[in-house]
Number of protein chains: 4
Amino acid sequence: MSSTFGRLFRLTTFGESHGPALGGIVDGFPAGIRIDMDRILSDMSRRRPGSTSLGTKRSEDDIPRILSGVMDGVSTGAPIAFAVENKAQISSHYDEIAHTFRPGHADYSFWAKYGIRDWRGGGRSSGRETLSRCFAGALAKQLLAMKGISVDAGVIAIGGISASSYSWEPPFANELYAPDCPELEAMRAEVEKAREGGDSVGGIIECRARGMVPGLGDPVFDKADAILAMAVLSIGGIKGVEFGSGFGAAAMKGSANNDQMAGGRFLSNNAGGILGGITTGEDIIIRAAAKPTPSISISQMTMDEDGNDTPISVRGRHDPCIAIRASVVVEAMAAIALADMMLIKEAYSG
Amino acid sequence: MSSTFGRLFRLTTFGESHGPALGGIVDGFPAGIRIDMDRILSDMSRRRPGSTSLGTKRSEDDIPRILSGVMDGVSTGAPIAFAVENKAQISSHYDEIAHTFRPGHADYSFWAKYGIRDWRGGGRSSGRETLSRCFAGALAKQLLAMKGISVDAGVIAIGGISASSYSWEPPFANELYAPDCPELEAMRAEVEKAREGGDSVGGIIECRARGMVPGLGDPVFDKADAILAMAVLSIGGIKGVEFGSGFGAAAMKGSANNDQMAGGRFLSNNAGGILGGITTGEDIIIRAAAKPTPSISISQMTMDEDGNDTPISVRGRHDPCIAIRASVVVEAMAAIALADMMLIKEAYSG
Amino acid sequence: MSSTFGRLFRLTTFGESHGPALGGIVDGFPAGIRIDMDRILSDMSRRRPGSTSLGTKRSEDDIPRILSGVMDGVSTGAPIAFAVENKAQISSHYDEIAHTFRPGHADYSFWAKYGIRDWRGGGRSSGRETLSRCFAGALAKQLLAMKGISVDAGVIAIGGISASSYSWEPPFANELYAPDCPELEAMRAEVEKAREGGDSVGGIIECRARGMVPGLGDPVFDKADAILAMAVLSIGGIKGVEFGSGFGAAAMKGSANNDQMAGGRFLSNNAGGILGGITTGEDIIIRAAAKPTPSISISQMTMDEDGNDTPISVRGRHDPCIAIRASVVVEAMAAIALADMMLIKEAYSG
Amino acid sequence: MSSTFGRLFRLTTFGESHGPALGGIVDGFPAGIRIDMDRILSDMSRRRPGSTSLGTKRSEDDIPRILSGVMDGVSTGAPIAFAVENKAQISSHYDEIAHTFRPGHADYSFWAKYGIRDWRGGGRSSGRETLSRCFAGALAKQLLAMKGISVDAGVIAIGGISASSYSWEPPFANELYAPDCPELEAMRAEVEKAREGGDSVGGIIECRARGMVPGLGDPVFDKADAILAMAVLSIGGIKGVEFGSGFGAAAMKGSANNDQMAGGRFLSNNAGGILGGITTGEDIIIRAAAKPTPSISISQMTMDEDGNDTPISVRGRHDPCIAIRASVVVEAMAAIALADMMLIKEAYSG
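Residues numbered from 1 in each chain as written. Chains lettered and ligands numbered in written order. Predicted model: local features only at pLDDT ≥ 70, side-chain atom pairs only at ≥ 80, totals over all residues. Heavy atoms only, no water.

(A) Broad picture of the pairing of strand E3 (residues 21-27) of chain D. All names here are of chain D. Of all seven residues making up E3, seven are buried, and the element is well covered by its neighbours. By the alternation rule, side chains of E3 split into Ala-21, Gly-23, Ile-25 and Asp-27 and Leu-22, Gly-24 and Val-26, which are all buried. Direction of pairing for strand E2 (residues 10-15) relative to E3: antiparallel, over a ladder of six bridges. Its bridge partner lying in E3, Thr-12 is registered against Ile-25. Turn length for the E2-E3 hairpin, with the two strands adjacent in sequence and antiparallel, is five residues. In this sheet, strand E7 (residues 80-85) lies alongside E3 in antiparallel orientation, the contact comprising six bridges. Bridge assignment links Ile-25 to a residue of E7, and that residue is Ala-81. (Buried < 20%, exposed > 50% of the residue type's maximum accessible area, 1.4 Å probe, protein only. Helix = DSSP H or I, 4+ residues; strand = E, 2+ residues; numbered from the N terminus. Pairing = 2+ DSSP bridges.)

What follows is the structure, encoded as structure tokens:
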């Protein structure tokens, strides 16, 4: 169950960082739609290491091969499988951590759960797994676009520095994938400073779905926000999620937080587009907190599999701020969750 | 799918605020366990309106009747169904809002989705639905207790006032269900002030699972935190959730946020007990943001079903701060999610 | 998981034969539909013991109470819960079998699985559980009828006596719920003979869905026939299921079994309305084999919980041929499965 | 949902007959188990065309490549993905049927459902899809073997010729994969006769699980037989399934069909190892009816996509009796279903 997300639009992923290949299966994509490969490649490229000068310098290629479900470029209704080969990964880089738990990583918890772990580059919990989400997310966005819905995400805070004001005009054509804001340069400097210090830094990603329709989501357990939260928190390194006024609502009065209506529309959107778990038609607004990259070269104390204390300094080139590249993954997971809700809504409109 | 949560430990709920009855079915509860009715009644009582002097004065009784799955007080492995009768609800109180959308409520989104809505007391989206979660949560807590795990929740912030320091010693025997902290009196005053002003106020609930075992949760989509987030955000009025350092992690350096290990244990718990979606054995720490109660007597602008603007002042007695009574529901949903993960873990330990 | 069936149209049942109540929750029924209570009561009545002079003489009342999901007689989109009280059951009738395994019953397998069992009247595995299926089946049939689809079932063989020729004109207004056929009287005599001898007899139920649309079911695991088979075999006492030419196809040549087409239609229906797991628009034809009622007064050898051999003669009034009353349950389960497939199909027609 | 089977042991398949590749993902396979590749290759080989002189002469290679979930030959708990490349398929063989519906095939129903179909070699509904089931079935059998359970299937009837008596001593080392019986030669002749006449013939497959444990399966909808029936009927060309005395029970008296007990064991196994949906520990006995191969060279009438009548004679080499090669697929699906039930049972034995 671990590796499948969704009910009617379903993504199942497979693959480890240094295994033969990674990929997935999108089941439930409607028939008769010309697949937009440019969108897929563009989203996967945005996730790829080296896509921004602020990321890791490791070079990956990651061209997905479609194995099924598409004939002459058009979906047939059958499951769309895809795979990306892992090539030229030098596992020996990881030899020294084969039996040592990197702080902040899943190394210890995997070992405790399975008694075995693929330690090469994070194995199953590697960020590389998210390339499959980007592939599927692009398909989901294509479906949503056919209904007039767009989903975009960008970075709005890095370290302690938050965007004080910004307009939402994606795509965000800067190295941070951030909406234009006065703090852009300061954020960038924060990332560079972390890199130079062998450290890393966290960030906040905002994701918006615009052109929404009312009626997505179900009233009780399958609330739109509940499912979106699961989707976003299923991304490694995300430690929190909020909708609309979010944690800020905890400090507000009802008279301020309630979204009043007049002239047939809402006068504000503290709800983030969702009331009682059902979309209102207003923009969905999600914010996700990404922790700082756990792989840092600063030495820290940890334990090996035999229980011995040992210092560790994680070598190799790692993103100093995963929030930047994770933004497209948040976008993908939000889109997958929404496409799934859209199909379920359609089931009842016959 | 809307009304079921869980994979092996499954709760399905039914019922509207002013319909004949509310209740649910717990499917997947193991056989041969003596049901702890005191725990069930105690949790349901804690959720009940009027359970605290700070809540609504409306009186409810809410004694659940077990309909199946239990013989001579012991579970048989069959689904445990239960129901609470709705009595003496005066629907006419709601007549004036039958065709008007209360701000901050699900009234508009339900109407837009279904074209029909049970407007009496919130219908399906009423907070009364959560009595079923408390029933099931008590069963889940009983299962977890057999493994040495306890789950508790309390209020740690109300309005802008946060507990500055507190030790975690549940149960929290005060009207706020809050851990003892210097700000307790100020928080209480904040609630009273909101009530007197015909307004309401938000709050933050913290939930901890202690005595944890490592290995709960799955590495990719069914991460422990992803499922817990869905569980908690499926509660009406919750607008955000975070784990461990949560949104705070976004402002931290990796060197500070990583939990180092020494002497066979973690030296900190910024991860909130979960790494890579899998529990580490450390306490799980969840925080949930509850918005201010949307029902306030202060007049606000809204719309009726015909699209006419109209002011509305919601009458009746409503909790000025739902975070207080919602804490036991957060506790319940976290326990249900963890009990489910525990059963799934057991499946692989044979 | 045990007690839920369906993906979008979902039935969860609860209850034991001699517990407080039986019932269920139908989740995923569309909003805005006036519930046809007559159909529900009529189907439940057809299942009820004593509904035919050939059945058990035990009298049951079984008026379901709707607990949620319906307002002023119209569905709201919320889960429809219902319950039937168990009254005046005399459990002491079962005292002598409290610790002895009745041959052909689930007594032994329940005990081996759970270590505990509700022995009163079969507990969870009692045929009384199927009253919930009849309730939900009537709702499913109402949905299907809105699309022009009808689902009916009747008995076509009892003991070794098979209907040699019959036309399909439901409802089948005789005590066997059988289509009119030359063997009707012989079948009836077979049942009477079994009853008089303290024995029981098996039968075959045929179920047809007419007015079908093409395109229900999915090509691989969720084939229409696979899901219908699961639905029908989930009924206690059913030991086999076949579609169209069924087991007969095993003895046929391809040239005879293939359904040729001409003039825009199929010239035969050996496929039973399903090709490659997807409906063709032809009538769906299902046949289910019901075993003879295991409860017989003829003495048989069995074992008690301590492993001692003991003869047993099951007292009380039992149907000599469960196929008769089971026909409406087959109808219900087929309808539920088809309604679920119909909703899933709608999801992709947007 | 269409392409996934199972709850804890889950198989998702992908691929078309003439697309780039076929394969699947097995999710939920426990960690730390050395994968038995010989068993996988042997099962896949048994399914492969040309594996028996009675099958099609088409040559396929079908060596699966494992893409994930296995490190140094040992499972890691991560999903095991695998793929088989489709090479040198000559699609032009199928040009003439690109717009014509072959009788007995899924061509028409696919076209009616999706409005598009991959007509090359059957596309998604090709029997080649079952190679993925054989791969996963071998893994499931390995898991079951660790609990002492074996699953085997063989052919017991072809055309109208049934094995009159046989002992169950797998593997069945003859070209029919049939248990040794007096009719073996006659069955073989029946296949040859069909082939020579450009026709095909149906058959019956029996599958037994031995070394069973009691307690698999759930009492209501997820009955062991219901799930096994879905598993087996999800195989293309299977038109019926029965357990134990099966359809024969419909002609029996209860006194004969009930399995009596003495000396701590059952005296017969008419139940086929399942009572009330729960395994008893006796052998599970399943029989499946396979229809005759629809692809025959005898000319038949059909329709093209424009609604024109047209005769068709399906060229190419096709198995005259798919029951033979389908036996290993029945074995695989039964094993997958049982492995899934076994994991669910383990969840409750902690």
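(B) Broad picture of the sheet that holds strand E8 (residues 150-158) of chain C. Taken in spatial order, the 10 strands make up an open sheet running E9(C)-E8(C)-E10(C)-E16(C)-E11(C)-E11(D)-E16(D)-E10(D)-E8(D)-E9(D), and their pairing is antiparallel. A single partner strand is all that each edge strand has here, and the edge strands are strand E9 (161-162) of chain C together with strand E9 (161-162) of chain D. Pairing analysis gives two bridges linking E8 of chain C to E9 of chain C, with the strands arranged antiparallel. Bridging across to E9 of chain C, Ile-158 of chain C finds its partner in Ile-161 of chain C. Contacting E8 and E9 of chain C, helix H4 (residues 184-196) of chain C runs over the sheet at an angle of about 70° to E8 of chain C. (Contact = heavy atoms within 4.5 Å. Axes fitted to C-alpha atoms, helices over the stretch in contact; angles between N-to-C directions.)

(C) Structural context of the interface of chain B and chain D. Taken together, the 10 residues of chain B in the interface contact 10 residues of chain D. A combined buried area of about 920 Å² lies between chain B and chain D, and 63% of that area is made up of carbon and sulfur atoms. On inspection of chain B and its partner chain D, the count reaches zero salt bridges. Summed over the shared surface of chain B and chain D, the number is four residue pairs in polar contact (both at pLDDT 80 or more). Grouping the amino acids of the side of chain B that touches chain D by side-chain chemistry returns six nonpolar, two polar and two charged. (Buried area = accessible area lost by both parts, 1.4 Å probe. Salt bridge = Lys/Arg side-chain N within 4 Å of Asp/Glu carboxyl O. Polar contact = N/O pair within 3.5 Å; in protein donor to acceptor, adjacent residues only side chain to side chain. Nonpolar A, V, L, I, M, F, W, Y, C, P; charged D, E, K, R; others polar.)

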